[in-house]
Amino acid sequence: MLIDSHLDLAWNAGQGRDLTQELTELRRTDPLAPTQTATVTFPELAAAGLRVAFGTLFALPQTTEHDGYVDHAGARAQALAQLAQYERWQEEGWLRLLRTRADLREHLGAPSESLGVVLLMEGADPVAGPDDLPFWQERGVRLIGPAWGRTRHAGGTDAPGPLTPEGRELVQAMRDLGLTLDASHLDDVSFWDAAELGVRMVSTHANARALVPGNRQLSDEMARHIVSTGGVLGMVVHSKFTRPGWRPGAERAPLGDLVRHAEHFAALVGWEHLGLGSDLDGGFGAEKTPAGIDRYRDLTRFLDLLPQEAQAGVRGENWQRWLLEHLFSS
């Protein structure tokens, strides 16, 4: 059984990919080819044994490189469209949205090829404010990452800065509602601002800054704090985040580099707090994955390199334990 804490499923559908196809068929017709070789479809995930994924609601901001939202209304529209996509997939039988512990137990206890999905909002700009959080909670969102790059809530990747006043209100409301903060993209100052507010944390897709510098990765102190709140660290499968100085077009990082990130975190917090957070097809394709990860089912090649006693936990048992502790009871 695999559990993956970060997949941009609805975002990929919004880019024109039909994830209900076999992977070979999607690659033949892929609108994002040839710059991104797809690794993820629902049949491919099923073949890999993936039972649960944290599926994102990811609103893309406008930058010099791509179009996107420029205000809250635009971000909200993107997130609502992705939410509707997950709901359509559920109606068609491709997945089941998991909102409670009972949902998770029922899903894992029954043989099924459908994917269980826990909704994760990546970047909080779709949320109007604290009073809007119950709307998203009722629709199934269980985790929120306040930042991607900079948002109106927080500093993020390559965008240093603290929580804004809106961000502090959001994190406090998340804490009070029992929602979990995904720290993956938070800048250091925003991270520690959030930590002071006492919110529960995880990291769904980040590796070790001690091995790859930059505020996109977790410092050792951040990793320890996340685990102190009961959290799990999901490891991202991208050459840039496994080998320092890697650039697109270079030879892909060896899979052993990703293993070293796992070993580093395990030495800090223990194997029982590590999981997968692959982010595969999260705006990149097989060209940027570590060597040997050419499609989703190849993740087992990474897992097989871990100590035997740690493999089951990293495959899914550690995230399963976290979900059973922190998904809502009803």
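What you see is a predicted model, and the numbers here were worked out from it, not measured in a lab. (Residues numbered from 1 in each chain as written. Predicted model: local features only at pLDDT ≥ 70, side-chain atom pairs only at ≥ 80, totals over all residues. Heavy atoms only, no water.)

Caption draft 1: Just the overall build of the protein chain, in detail. When helices and strands are tallied, the protein chain shows 12 helices and nine strands. In terms of overall size, the protein chain behaves like a compact globule, its C-alpha atoms giving a radius of gyration of 18 Å where 330 residues would be expected to give roughly 20 Å. Of all 330 residues assigned to the protein chain, the portion counted as buried reaches 58%. Taking contacts inside the protein chain between residues at least 6 apart in sequence as the whole, the part at least 24 apart equals 67%. As displayed, the protein chain offers around 12600 Å² of accessible surface, 49% of which is attributable to carbon and sulfur atoms. In the protein chain, the 31 positive side-chain charges and the 45 negative ones have mean positions that sit 2 Å from each other. (Helix = DSSP H or I, 4+ residues; strand = E, 2+ residues; numbered from the N terminus. Rg over C-alpha atoms; globule rule 2.2 N^0.38 Å. Buried < 20%, exposed > 50% of the residue type's maximum accessible area, 1.4 Å probe, protein only. Contact = heavy atoms within 4.5 Å. Areas by Shrake-Rupley, 256 points an atom, 1.4 Å probe, with all protein chains shown as cover. Lys, Arg positive; Asp, Glu negative; His and termini not counted. Charge placed at Lys NZ, Arg CZ, Asp CG, Glu CD.)

Caption draft 2: Looking closely at the environment of Leu2. Tracing the sequence through the fold places Leu2 in strand β1 (residues 2-7). Take Leu2: its relative accessible area is 2%, and that puts it in the buried class. In contact with Leu2, not counting residues within four places along its chain, are Ala48, Gly49, Leu50, Arg51, Val52, Leu276, Tyr296, Leu303 and Arg315.

Caption draft 3: Highlighting the environment of Ala262. Mapped onto the secondary structure, Ala262 falls in helix α10 (residues 255-269). Judged by relative accessible area, which is 1%, Ala262 ranks as buried. Put simply, Ala262 and Leu303 are 41 residues apart on the chain and 10 Å apart in space, counted from C-alpha to C-alpha. If near-sequence neighbours (up to four positions away) are discounted, Ala262 is found in contact with Met235, Trp271, Leu274, Phe302 and Leu306.

Caption draft 4: Looking closely at helix α5 (residues 101-109). Taken together, the buried positions of α5 are Asp103, Leu104 and His107. Projected down its long axis, α5 shows its buried positions confined to an angular sector of 95°, all on one face. Projecting away from the buried face of α5 at angles above 90 degrees are the exposed residues Arg105, Glu106 and Gly109. In this structure, the buried residues of α5 make contact with β2 (50-58), β3 (95-97), β4 (115-122) and α12 (308-326). (Arc of directions from axis to C-beta.)

Caption draft 5: Up close: the pairing of β1. Within β1, six of the six residues are buried, which leaves the element mostly enclosed by the surrounding structure. Where β1 and β2 come together, four bridges link them in parallel fashion. Note on β2: the bridge partner recorded for Leu2 is Leu50. (Pairing = 2+ DSSP bridges.)

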